[in-house]
Amino acid sequence: MFWMESCHRTPGRACENHPFPSLQDQVRLSTGHYVLKEPAMNCVFIQIRCTPGKTYDVADAIALRELHSELYSTSGEYDLLLKLYIPDGEDVGKFINDKLLDIPNIERSLTTLTFRAF
């Protein structure tokens, strides 16, 4: 998601190894190098409790939707832990309800919102 180049490139000039993104998509660092702006996304972690015996089915259904960044099976009160990036401007609750929680055999979920600390 984050790309940094370290070649000779300057604004408005491309080299054969690096197609040149538009200047609106770049930020110049103090080193003189350019990086692409990260898309505005909100990171959330969702813990999911599944119907007993259905964790693998739920995990497969989540994987087929290709919404997640990472998906783990966990021990404890919840069965799955999902890391998800939600596009900026989207309603977090609606996005999760519409795109994830309609999967059969999900009994309960716990969503943790994240904020940039630095």
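Residues numbered from 1 in each chain as written. Predicted model: local features only at pLDDT ≥ 70, side-chain atom pairs only at ≥ 80, totals over all residues. Heavy atoms only, no water.

Colleague: Looking at this structure, I do not really get the pattern of salt bridges. What am I missing?
Modeller: Side chains bearing opposite charge may pair, as long as their charged atoms lie close to each other. For the structure on display, the rule yields five salt bridges. Among the salt bridges present, the one from Arg65 reaches Asp102, with a minimum N-O distance of 2.6 Å. In this pair, Arg65 is assigned in helix H1 (residues 55–65) and Asp102 in the loop between helix H2 (92–99) and strand S6 (106–113), connecting sequence segments 37 residues apart. With its nearest N and O atoms 3.5 Å apart, the salt bridge here joins Glu70 to Lys83. (Salt bridge = Lys/Arg side-chain N within 4 Å of Asp/Glu carboxyl O. Helix = DSSP H or I, 4+ residues; strand = E, 2+ residues; numbered from the N terminus.)

Colleague: Got a minute to help me understand the packing of aromatic side chains in this structure?
Modeller: To describe a pair of aromatic rings, one takes the distance between the centres and the angle between the planes. In the structure shown here, the tally under the stated rule is zero aromatic pairs. Here the basic side chain of Arg49 rests over the ring of Tyr78, its NZ or CZ set 5.1 Å away from the ring centre. (Phe/Tyr/Trp six-rings, centres within 6.5 Å; stacked < 30°, edge-to-face > 60°. Lys NZ or Arg CZ within 6 Å of the ring centre and 35° of its normal.)

Colleague: Is there a simple way to explain the side chain of Lys83 in this structure?
Modeller: Take Lys83: it is sitting in strand S5 (residues 80–87). Side-chain polar atoms of Lys83 contact the side chain of Tyr85, separated by 3.4 Å. Other than its neighbours up to four places away in sequence, Lys83 contacts Cys43, Val44, Phe45, His68, Ser69 and Glu70. (Polar contact = N/O pair within 3.5 Å; in protein donor to acceptor, adjacent residues only side chain to side chain. Contact = heavy atoms within 4.5 Å.)

Colleague: Whenever I open this one, unusual backbone geometry confuses me. Can you help?
Modeller: Most peptide bonds adopt trans geometry, and most residues besides glycine take a negative phi value. If you check the backbone angles, Glu66 has positive phi at about 50 degrees while not being a glycine. Tracing the sequence through the fold places Glu66 in the loop between H1 and strand S4 (68–73). Owing to a relative accessible area of 68%, Glu66 belongs among the exposed residues under this scheme. For Asn105, which is not a glycine, the phi torsion comes out positive at approximately 75 degrees. Structurally, Asn105 can be placed in the loop between H2 and S6. The exposure class of Asn105 is partly exposed, given its relative accessible area of 29%. (Buried < 20%, exposed > 50% of the residue type's maximum accessible area, 1.4 Å probe, protein only.)

Colleague: Would you explain the nonpolar core in this entry?
Modeller: As a rule of thumb, nonpolar side chains are buried together in soluble globular proteins. Ranked by size, the top nonpolar core spans 16 residues in total, and within it Ile46, Ile48, Ile62 and Leu100 carry the most contacts. Of all the secondary structure elements, the ones that give two or more residues to this core are strand S3 (41–50), H1, S5 and H2. If we skip the residues at most four places from it in the chain, Ile48 touches Ile62, Tyr78, Asp79, Leu80, Leu82, Leu100, Ile106, Arg108 and Ser109. (Core = buried A, V, L, I, M, F, W, Y, C linked by side-chain atoms within 4.5 Å.)

Colleague: Just checking my understanding: could you explain the pairing of S5 for this structure?
Modeller: For a regular strand, the rule is simple: side chains alternate between the two faces of the sheet. Alignment of S3 against S5, held across eight bridges, turns out to be antiparallel. What sits directly across from Asn42, in S5, is Ile86. Pairing between S4 and S5: five bridges, direction antiparallel. Note on S5: the bridge partner recorded for His68 is Leu84. Between the end of S4 and the start of S5, which pair antiparallel, lie six residues, with Gly76 showing a positive phi angle near 110 degrees. (Pairing = 2+ DSSP bridges.)

By themselves, these figures tell us nothing about what the structure is for.
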